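So you can see what is in the structure, the chains are spelled out below.
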Amino acid sequence: DMAVRHYTLDFSLSTAGKERRLSGLMSIFHEQELTETVHDTNGHGYLATFVGKNGRVAILRVHSHGLVTIDLQCYEEDNIAQLDNVMILFNCIVLHFPRRLPALVRGANVDRYWPTADGRLIEYDIDRVVYEEDSAYQNIKILHSQQYGNILVLDGDVNLAESDFAYTQAITGNGKENYAGKEVLILGGGDGGILAELVKQKPKMITMVEISFMGSVIDGCKMYMRKTCGNILDNLKGDCYQILIEDCVPLLKKYVQEGRTFDYVINDLTAIPISTAPEEDSTWEFLRLILDLSIQVLHPSGKYFTQGNSANLTEALSLYEDQLEKLSCPVGFCKEVVCVPSYLEQWVFYTAWKK
């Protein structure tokens, strides 16, 4: 596929020297043999498009209040060095430190742009798709980043990279817990990172519950996220662990009925929903159900660990804390903010316990 490079340049023009600078910008467009078309803006500034024979397209917009925006698009196979020189010329004419951004690459075979939880666009150094599969439950991608290693992306959300040991540490208590001889329940965790770390501590038994296997997160990660999971996902059973391929909700209900308890319950299923309408969002309903059942199977002296969401999503995090106050049994909780490398935002983790 033929990708497009999209350059942008934004700056403000004061009244002094405005005409001279605009004339200079126009001369660059014309030197590049771009055909100009001026559009009627009904008195709202100036708008012109410029089209070149080689597929280049530029848009010059001068807004009434003095802001000037330039968009320049070309095919990735175009003469990039020449285009960079054009952008340098623009900078020289504009002066006063114009805001020039690196080119966006649109329509490439590998999408390198992913949103953060708080709505910012991040460009990753992703160079190839390592694995992609549609399971019955979600779209699963593993993408390679030069900086972060392989990155697991689920339904368009960056989930975990091989660089993200900080996530695994945070959701297991940041090295402050002693798992030796303990019963542990992991909900989700299909990348194998949590399981691989806890097995090292010689627990009595870890039960990990993941909803699907073939064409699943486990399937992809055991092949392409081995810096995270090691060889732990090669077998569904080991000396001190078992991986159950089933829905965790019926299993949790069964454990509640049997009176079975765990020293640690680690919920790695989903982040707190961004939606701030818990009464309307089915993800909140699912989260409440998992939370309530998890606390019910928690040993009286046990701990429940889970991720929250971006530290910037204060309203959603506050709503989650409200849910903790409404469980069938009273709980205490604390939270910690951790920097997870590939997330490029601060991430909140929760610990809860029975009062």
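Only a predicted model underlies this, so the values are computations on that prediction, with no experimental measurement involved.

### A short note on the pairing of strand S15 (residues 241-245)
Working step 1: Within S15, 4 of the 5 residues are buried, which leaves it mostly tucked inside the rest of the structure.
Working step 2: In this sheet, S15 lies alongside strand S14 (residues 205-210) in parallel orientation, the contact comprising 5 bridges. Following the sheet pairing, Val-209 is matched in S15 by Leu-244.

### Structural notes on helix H5 (residues 217-224)
Working step 1: The complete set of buried residues in H5 reads Val-217, Ile-218, Asp-219, Gly-220 and Cys-221.
Working step 2: Here the buried face of H5 lies against strand S9 (126-134), strand S10 (139-145), strand S11 (149-154), S14, helix H6 (226-229) and S15.
Working step 3: The backbone nitrogen of Ile-218 has a side-chain oxygen 3.3 Å away, supplied by the residue at the start of H5, namely Ser-216.

### Re the packing of aromatic side chains
Working step 1: In this structure the tally under the stated criterion is 11 aromatic pairs.
Working step 2: For the ring pair Tyr-264 and Phe-305, a centre distance of 6.1 Å and an interplane angle of 10° mean the geometry is stacked. Here Phe-305 lies in strand S17 (residues 298-310) and Tyr-264 lies in strand S16 (residues 262-268), a separation of 41 residues in the sequence.
Working step 3: Residue Tyr-264 is classed as buried on the basis of its relative accessible area of 6%.
Working step 4: Classification of Phe-305 as buried rests on a relative accessible area of 1%.
Working step 5: Three or more aromatic residues joined by ring pairs form one cluster here, namely Tyr-167, Tyr-343, Trp-347 and Phe-349.

### So, the pattern of salt bridges
Where side chains of opposite charge bring their charged atoms close, a pairing between them can arise.
Working step 1: In the structure shown here, the tally under the stated rule is 11 salt bridges.
Working step 2: A salt bridge links Arg-120 to Glu-345; its shortest N-O distance comes to 4.0 Å. In this pair, Arg-120 sits in the loop between strand S7 (113-115) and strand S8 (121-123) while Glu-345 sits in the loop between strand S18 (331-339) and strand S19 (346-354), placing the two residues 225 residues apart along the sequence.
Working step 3: For Arg-120, a relative accessible area of 34% gives the class partly exposed.
Working step 4: The closest approach of N and O atoms between Glu-321 and Lys-335, which form a salt bridge, is 2.8 Å. Of this pair, Glu-321 sits in helix H9 (residues 314-324) while Lys-335 sits in strand S18, placing them 14 residues apart in sequence.
Working step 5: What makes Glu-321 buried here is its relative accessible area of 16%.
Working step 6: Several salt bridges converge on common partners, so that one network encompasses Asp-118, Arg-120 and Glu-345.

### Observations concerning the UniProt feature "active site" (unreviewed entry) in the protein
Working step 1: According to UniProt, the feature "active site" (unreviewed entry) maps to Asp-268 in the numbering used here.
Working step 2: Note on placement: Asp-268 falls in strand S16.
Working step 3: Accessibility expressed as a relative area gives 10% for Asp-268, which makes it buried.
Working step 4: With sequence-adjacent residues up to four places away left out, Asp-268 is seen in contact with Tyr-167, Ile-171, Leu-187, Gly-188, Gly-189, Asp-191, Ile-194 and Gln-307.

### Topic: a nonpolar patch on the surface
Working step 1: On the surface, Val-51, Val-57 and Ile-59 cluster together to form a nonpolar patch covering roughly 200 Å² of accessible area.
Working step 2: Relative to the helices and strands, Ile-59 is located in strand S4 (residues 57-62).

### Considerations on helix H7 (residues 248-258)
Working step 1: Cys-248, Val-249, Leu-251, Leu-252 and Tyr-255 are the residues of H7 that are buried. The arc that holds every buried residue of H7, seen down its axis, measures 165°, which confines them to one face.
Working step 2: Looking at the buried positions of H7, the neighbouring elements they touch are strand S13 (183-188), S14, S15, S16 and helix H8 (282-296).
Working step 3: Regarding H7, its N-cap is Asp-247, as a side-chain oxygen of that residue lies 3.0 Å from the backbone nitrogen of Val-249 further along.
Working step 4: Two residues or fewer after H7 comes Gly-259, characterised by a positive phi angle close to 75°.

How each quantity is defined
Residues numbered from 1 in each chain as written. Predicted model: local features only at pLDDT ≥ 70, side-chain atom pairs only at ≥ 80, totals over all residues. Heavy atoms only, no water. Buried < 20%, exposed > 50% of the residue type's maximum accessible area, 1.4 Å probe, protein only. Helix = DSSP H or I, 4+ residues; strand = E, 2+ residues; numbered from the N terminus. Pairing = 2+ DSSP bridges. Contact = heavy atoms within 4.5 Å. Polar contact = N/O pair within 3.5 Å; in protein donor to acceptor, adjacent residues only side chain to side chain. Phe/Tyr/Trp six-rings, centres within 6.5 Å; stacked < 30°, edge-to-face > 60°. Salt bridge = Lys/Arg side-chain N within 4 Å of Asp/Glu carboxyl O. UniProt positions renumbered as here; feature names shortened; annotations may be inferred. Patch = residues over 30% accessible without salt bridge, like charges linked within 9 Å, V, L, I, M, F, W, Y side chains within 5 Å. Areas by Shrake-Rupley, 256 points an atom, 1.4 Å probe, with all protein chains shown as cover. Arc of directions from axis to C-beta.

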